[in-house]
Amino acid sequence: MDAAQPQQNPGADPPSAAETPSAGGSPAPDALAPDAPAAAAAAAAPLAEGPPLAVATPHSDFAIAALPEQTPGITAPAGPIAAGLYMPGAAPYHAPPDSPFPVMSPLDSSLLPTVEATPLSLIPEIVARARSAQRTWGDLPVRDRIDAVAKLKKRLLARAQEIAETVHKECGKPVEEAALAEVLPNADLVDYWTLTIEELLDGVTVELDAISYPGKLGRIHKDPRGVIALITPWNYPVAIPLRSIVPALLAGNAVVFKPSEVTPRSGALIASLFKDIVPEGVLEIVQGAGEAAEAILEAGVDAVVFTGSVATGRRVAVACAERLIPCSMELGGKDAAIVLADCKLERTARGLVWGAFTNAGQNCASIERVYVERPIADKLIARIVELTRELRPGIDTAVMTTQKQAAIVQRHLGEAVAGGAEILAGGAPEHGSLAFPPTVVKITNEDCALMREETFGPIMPIVLVDSADEAVAKTNASRFGLTTSVWTKKIRKGRDLARKLKSGVVTINNHGFTAALPAAPWTGTGDSGYGITNSPHTLAELTRPRFVLEDTSGAKSEMWWYPYTPALRTIAFTMARLRGGAGFFGRIAAFFRLLITFPRRFKR
Ligand code: NAD
């Protein structure tokens, strides 16, 4: 996928209510039609009631209106806005012409708070500020950093509703999904890292042979890399950045964070969570599109943690290679689910439906291919179709976040159908609509983009296979290798298949959720990149090893120091014999030879 563009032309007027995607293009127009009394009632209703907010409040106003007070860098919408509410028919709102950010919510086309882009000319200064702050922050005892970052948990939880609503409004995902995926796991994240980081950063002693290296002690320390550039996508705009920010800061780094230009408000909210928790400069935010990220790299950082598309990842990796700085690449996916004939049918059907349609499939680990063994196929497909038809648009399923992504999904589906794919549930919405219904397709011709490229939308293509081996071969034939799930009652069989799969994560009888486990590595192979998020393995990206050797032997010289003499040469070759270059008797002879030669080496 190419770099994301803002979803609306920044200078364009917002469409009228009749033109708004969620109002006009929904599969259930009645449910979503703008309805002022319903909107007012739903806006007044307590948030915990959830569903009405997602569906029947195309112009609802909730905590977004309160956001600017807490979140520096963003201000309440200007123009025809009453506390965040876009009034159809009022004078059009004009975003600043150079703004890279979307103006309207994909959910209901209501205007979003305005965000200031960071002037490119300020970026070198921002990176320099981070560098200077890092020196002090990195020198603090790790306990002090833990005490500071631990405060984040309470803030996150106390502002749970505000965070979920911001993501809901900015991305279009249901509030429940935002709370479950973007807020709650972050509490575990803070707990995990604040409890483990001290031990994980602790120096490790290197065992040294006391005869060859007398009086020497080696220790490996994990030092912060310095200033880390964090460049993130829009699909999980709170959870993904926090997974790197928390361990990076605890390890003593400063972070310059550039959120996606599609979700700058969620990015600003993250930065606000750290206000007064960490010293100024330790977490800097840069708002803008690709050129802002390029300017951060240009200003000179020590490592880059990138999550996004393959196309942009390649560009960033090249930029890092030119600067000889390490980078972490978490890229796209084309996850497969392999369903064996002995699976638990109901659980499998439910798991696949969630795995394919959560966040409208805008998930790097979305199920984008299902390979099902023939004997169970008819029953499984029937149940999947039933469950898919039960999904309530806007309540259970998100809208697409960007027009650009909706167009890609529409193209993939259209091409597949033209090639013989059969739509069993859902289908493409009106052109231009963001309300893409969850769609199940039976595929017979696999030679299509829908089966090869990342679709990143709510489409579940199903292919019938003759065996698990065929499913594994098809799964591994993809250039992507993020996660794969295997559905079977026979766990041992599942484990065997897991060993044959080339993806970075394999789940048996589940899918995709492990990104929320802070102790479990999240990583891919092939075009899914080589980054590792979560778990102690991520520290290889966020820290660098420093080896310190202490020599307290007090000897005047080492055996291998100058001068090079015949005795030294004898020692070298005799040691080679002693260490395996000769047979049993040869090694005994070498041992005695060494005993005689060593004193000659050190005689003056
Ligand atoms: P994207 O590549 O368009 O953008 C990602 C980030 O890169 C954004 O912040 C963007 O501003 C920035 N960017 C754009 N041009 C740049 C440049 N020239 N130099 C540096 N940075 C630049 O991706 P997206 O559309 O925001 O996100 C969707 C993609 O992310 C999908 O492919 C999805 O699979 C992937 N993703 C992967 C994971 C994972 O863990 N593997 C997680 C989430 C999303």
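Student: Break down a nonpolar patch on the surface for me, with residues and values.
Tutor: A surface patch of nonpolar side chains, about 790 Å² in accessible area, is lined by Phe584, Phe585, Ile588, Phe591, Phe592, Leu595 and Ile596. As for its position among the elements, phenylalanine 592 is in helix H22 (residues 584-602).

Student: Describe the pattern of salt bridges, with residues and values.
Tutor: Under the criterion given, the structure shown has 29 salt bridges. Here lysine 490 makes a salt bridge to aspartate 342, at a shortest N to O gap of 3.8 Å. Of this pair, lysine 490 sits in the loop between strand E18 (483-487) and helix H19 (491-500) while aspartate 342 sits in the loop between strand E12 (335-339) and helix H14 (345-357), and the two are 148 residues apart along the sequence. Ionic pairing is found between arginine 383 and glutamate 346, a salt bridge with its closest N-O pair at 2.7 Å. Of the two residues, arginine 383 sits in helix H15 (residues 374-390) while glutamate 346 sits in helix H14, which places them 37 residues apart along the sequence. Using a relative accessible area of 15% as the deciding quantity, one classes arginine 383 as buried. Within this structure, Glu346, Arg350, Arg383 and Glu386 form a network of salt bridges that share partners.

Student: I'd love a proper account of the layout of surface pockets, names of residues and values included.
Tutor: Of the voids in this model, the largest pocket is the one considered here, and its volume is about 920 Å³. Residue lining of the largest pocket: 42 residues in total, with Glu177, Ala181, Tyr236, Trp354 and Thr358 positioned closest to the centre. Here the lining of the largest pocket gets 6 residues from one element, more than from any other, and that element is helix H9 (residues 175-201). Here the residues of the lining of the largest pocket sort into 23 nonpolar, 11 polar and 8 charged.

Student: Outline the sheet that holds E18, supporting the account with residue identities and numerical values.
Tutor: Strands sit in the order E14-E15-E16-E13-E12-E18-E19 across an open sheet of 7 strands; the sheet is mixed. This sheet does not close on itself; its edge strands, each paired only once, are strand E14 (422-425) and strand E19 (505-508). Mean inter-strand twist for the sheet, computed between neighbouring axes without regard to direction, equals 25°. In the sheet, E14 pairs with strand E15 (residues 439-442) via 3 bridges, with the strands oriented antiparallel. Across the sheet, the residue bridging to glutamate 422 is lysine 442, located in E15. Lying over the sheet, H19 contacts E18 and E19, oriented at roughly 165° with respect to E19.

Student: Give a detailed account of the sheet that holds strand E6 (residues 216-224), specifying residues and quantitative values.
Tutor: The strand order E5-E6-E23 describes an open sheet built from 3 strands, whose pairing is antiparallel. If you trace the sheet from one side to the other, it starts and ends with strand E5 (204-206) and strand E23 (543-551), each paired once. Put simply, the sheet's adjacent strands are angled 30° from each other on average, direction ignored. Bridging between E5 and E6 involves 3 bridges; their strand directions are antiparallel. Bridging across to E6, valine 206 finds its partner in glycine 218.

Student: Please give an account of empty space enclosed by the protein that cites residues and values.
Tutor: Following the criterion strictly, the structure yields 6 cavities of 30 Å³ or more and no others. In this structure, the second largest cavity spans a volume of roughly 60 Å³. In terms of lining, the second largest cavity is formed by 13 residues, of which the most central are Arg369, Phe480, Gly481, Thr484 and Ser503. Those elements that place two or more of their residues in the lining of the second largest cavity are E12, helix H18 (468-476), strand E17 (480-481) and E18. Its residues assigned to classes, the lining of the second largest cavity comprises 3 nonpolar, 6 polar and 4 charged.

Student: I'd like a description of the pairing of strand E10 (residues 303-307), backed by residues and values.
Tutor: Across the 5 residues of E10, 5 count as buried, placing the element largely inside the fold. Residues Ala303, Val305 and Thr307 of E10 are buried on one face, and the alternating residues Val304 and Phe306, pointing to the opposite face, are buried as well. As defined by bridge partners, strand E7 (residues 227-231) adjoins E10 across 4 bridges and the pair is classed as parallel. Looking at E10, one finds that alanine 229 is bridged to valine 304. Relative to strand E11 (residues 327-330), E10 is paired through 4 bridges, and the arrangement is parallel. Bridge pairing in E11 links phenylalanine 306 to methionine 329. In this fold, the crossover linking E10 to E11 by way of helix H13 (residues 310-323) has right-handed handedness.

Student: Describe the environment of serine 99, and please don't skip the residues or the numbers.
Tutor: With respect to the helices, strands and loops of the structure, serine 99 is situated in the loop between strand E3 (85-86) and strand E4 (114-115). Given the relative accessible area of 12%, serine 99 is considered buried. For the pair serine 99 and alanine 117, spaced 18 residues apart in the sequence, the C-alpha separation amounts to 6.7 Å. Of the polar contacts made by the side chain of serine 99, one reaches the backbone nitrogen of phenylalanine 101; its length is 3.1 Å.

Parameters and conventions
Residues numbered from 1 in each chain as written. Predicted model: local features only at pLDDT ≥ 70, side-chain atom pairs only at ≥ 80, totals over all residues. Heavy atoms only, no water. Patch = residues over 30% accessible without salt bridge, like charges linked within 9 Å, V, L, I, M, F, W, Y side chains within 5 Å. Areas by Shrake-Rupley, 256 points an atom, 1.4 Å probe, with all protein chains shown as cover. Salt bridge = Lys/Arg side-chain N within 4 Å of Asp/Glu carboxyl O. Helix = DSSP H or I, 4+ residues; strand = E, 2+ residues; numbered from the N terminus. Buried < 20%, exposed > 50% of the residue type's maximum accessible area, 1.4 Å probe, protein only. 1 Å grid on protein atoms, 1.4 Å probe; cavity = no way out; pocket = protein on both sides within 12 Å on 5 of 7 lines; lining within 4 Å. Points joined across faces, edges and corners; volume = space filled by probe spheres on them. Nonpolar A, V, L, I, M, F, W, Y, C, P; charged D, E, K, R; others polar. Pairing = 2+ DSSP bridges. Axes fitted to C-alpha atoms, helices over the stretch in contact; angles between N-to-C directions. Contact = heavy atoms within 4.5 Å. Right-handed = clockwise from strand over helix to strand, strands pointing away. Polar contact = N/O pair within 3.5 Å; in protein donor to acceptor, adjacent residues only side chain to side chain.

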